[in-house]
Amino acid sequence: MKKIFAARWATTVALAASALVALPAQATPAGDNVVINEVYANGGSAGASYKTKFVELYNPTDKDISVSGWSLQYRTAAGTSTFSG
């Protein structure tokens, strides 16, 4: 009975894991808005290659897009404090 349960459990776990496959990000499939192109969030951490964090935005259009009023919010790894801007 234990072997049957273990086999069923392994099959269930394998099926659940297969459903967790990452899909490509599609923030703006139409290509008509700003997208986050790259994030480096390790900056300033012990052993980090660089001393500052950054977020790179990319405008895939040929027109200006205003980011007026936008803000970048940061929360510590512990995540217990409020966001900082």
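Computed from a predicted structure; not experimentally measured. (Residues numbered from 1 in each chain as written. Predicted model: local features only at pLDDT ≥ 70, side-chain atom pairs only at ≥ 80, totals over all residues. Heavy atoms only, no water.)

Engineer: Quick rundown of the packing of aromatic side chains? Include the residues and the values.
Structural biologist: One pass over the full model with this rule turns up 2 aromatic pairs. When the centroid spacing of 6.0 Å and the interplanar angle of 25° are considered together, the rings of Tyr40 and Phe54 count as stacked. With a gap of 14 residues between them, Tyr40 in strand β1 (residues 35-40) and Phe54 in strand β2 (residues 54-58) connect regions that are remote in the sequence. Residue classification places Tyr40 among the buried positions, given a relative accessible area of 18%. Among the aromatic residues, those joined into a ring-pair cluster are Tyr40, Tyr50 and Phe54. (Phe/Tyr/Trp six-rings, centres within 6.5 Å; stacked < 30°, edge-to-face > 60°. Helix = DSSP H or I, 4+ residues; strand = E, 2+ residues; numbered from the N terminus. Buried < 20%, exposed > 50% of the residue type's maximum accessible area, 1.4 Å probe, protein only.)

Engineer: Outline the environment of Val39, listing residues and values.
Structural biologist: Mapping Val39 onto the fold places it in strand β1. It is 7.8 Å that separates the C-alpha atoms of Val39 and Lys53, two residues lying 14 residues apart in sequence. Every residue in contact with Val39, bar those within four places of it in the chain, is listed here: Phe54 and Val55. (Contact = heavy atoms within 4.5 Å.)

Purely geometric numbers; function is a separate question.
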